[in-house]
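Listed below are the residues making up each chain.
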Amino acid sequence: IVKGRKTREAEVSEAFRTALDSLLPEKVKYSVVDLTNSTVSNVETHLMDGRQNIVIYVSSDEPIVNSGLSFLNKSCPKNTIVLGLPTWMNFESVDFNAMENIHIAFMDNNFINQNNPERIRYRKRFVGVYFDDPMSSGYSGFDLIRYLVVRLSDNPDKSWNDVIAVRDQKSNGTFSFKRMNRGGFENNNISISVMEDMKLIPIEDLGKAQDLRP
């Protein structure tokens, strides 16, 4: 974990560290490089050849990320994965395509797979009425309504909370709600997409990438 200098970045780094402590087997080790008293160059001492290395880079400081990625691209074993924050999507000075030795992964909650047949039909109807494309929040609202309507239809006698908490195959991997101790529900679903021919494709569709090309 590369821990940024800002307070918020330190908090996010701690969240990752806590998650790793609870999820990883004891034999799997990780290290923290704190940029308040160290540099990205110290990451190199924690990497291992012949094994998959994952660097969780918790910084939204564009110059620091830019110089850090340049160093990692030169020093990391091939196929090292560098996991970045959603803010990286807005960086203009970082040429992610120039990183040949490392794979860059972004955490983001705005990706919409527009190859989904239901979303294609939704978009056509939306454009037909409003003459514009839906925003990502519009797609999210559409997915959520479809998710809830099916469950309400299948379970008309259940309470609202029970309907939301239902886990079955009909969600198509979009939602997996978990009841929170403080009240309400949180979607715990995570999807992974990869870049193929300059298009983001859900990783489960990677083998069908040829069929998705225009």
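Now for a look at the structure at hand. All values derive from a computational prediction rather than experimental measurement.

This part is about the overall build of the chain. Summing up its helical and strand segments, the chain has six helices and nine strands in all. C-alpha extents for the chain along the principal axes are approximately 55 × 45 × 30 Å. A total of 214 residues make up the chain; the buried ones form 29% of that total. Long-range pairs, those at least 24 residues apart, make up 47% of the contacts in the chain with a sequence separation of at least 6. When the accessible surface of the chain is totalled, it reaches about 14500 Å², and 52% of it is carbon and sulfur.

This brings us to the packing of aromatic side chains. Taken as a whole, this structure holds 12 aromatic pairs when the rule is applied. For the ring pair Y57 and W88, a centre distance of 5.5 Å and an interplane angle of 80° mean the geometry is edge-to-face. With a gap of 31 residues between them, Y57 in strand β3 (residues 54-58) and W88 in the loop between β4 (80-84) and β5 (102-106) connect regions that are remote in the sequence. Under the relative-accessibility criterion, W88 is labelled buried at 0%.

This next bit is on a nonpolar patch on the surface. A surface patch of nonpolar side chains, about 320 Å² in accessible area, is lined by I190, I192 and I203. Relative to the assigned elements, I192 resides in the loop between β7 (185-187) and β8 (193-196).

With that settled, the discussion passes to helix α2 (residues 62-75). Counted at 1.5 Å a residue, the expected span for α2 with its 14 residues is 20 Å, and the 20 Å between its end C-alpha atoms agrees. Every buried residue of α2 is accounted for by I64, V65, G68, L69, L72, N73 and S75.

It is worth spelling out the sheet that holds strand β1 (residues 2-3) at this point. Read across the sheet, five strands follow the order β2-β1-β3-β4-β5 without closing on themselves; strand pairing throughout is parallel. At either end of the open sheet lies a strand with only one pairing partner, and these are β2 (33-34) and β5. As paired strands, β3 and β4 are joined by three bridges and run parallel to one another. Paired with I54 across the strands is I81, a residue of β4. Running over the sheet, helix α1 (residues 7-23) touches β1, β3 and β4 and is turned about 150° from β3. Lying over the sheet, α2 contacts β3, β4 and β5, oriented at roughly 165° with respect to β3.

Parameters at a glance
Residues numbered from 1 in each chain as written. Predicted model: local features only at pLDDT ≥ 70, side-chain atom pairs only at ≥ 80, totals over all residues. Heavy atoms only, no water. Helix = DSSP H or I, 4+ residues; strand = E, 2+ residues; numbered from the N terminus. Buried < 20%, exposed > 50% of the residue type's maximum accessible area, 1.4 Å probe, protein only. Contact = heavy atoms within 4.5 Å. Areas by Shrake-Rupley, 256 points an atom, 1.4 Å probe, with all protein chains shown as cover. Phe/Tyr/Trp six-rings, centres within 6.5 Å; stacked < 30°, edge-to-face > 60°. Patch = residues over 30% accessible without salt bridge, like charges linked within 9 Å, V, L, I, M, F, W, Y side chains within 5 Å. Salt bridge = Lys/Arg side-chain N within 4 Å of Asp/Glu carboxyl O. Expected span 1.5 Å × (residues − 1). Pairing = 2+ DSSP bridges. Axes fitted to C-alpha atoms, helices over the stretch in contact; angles between N-to-C directions.

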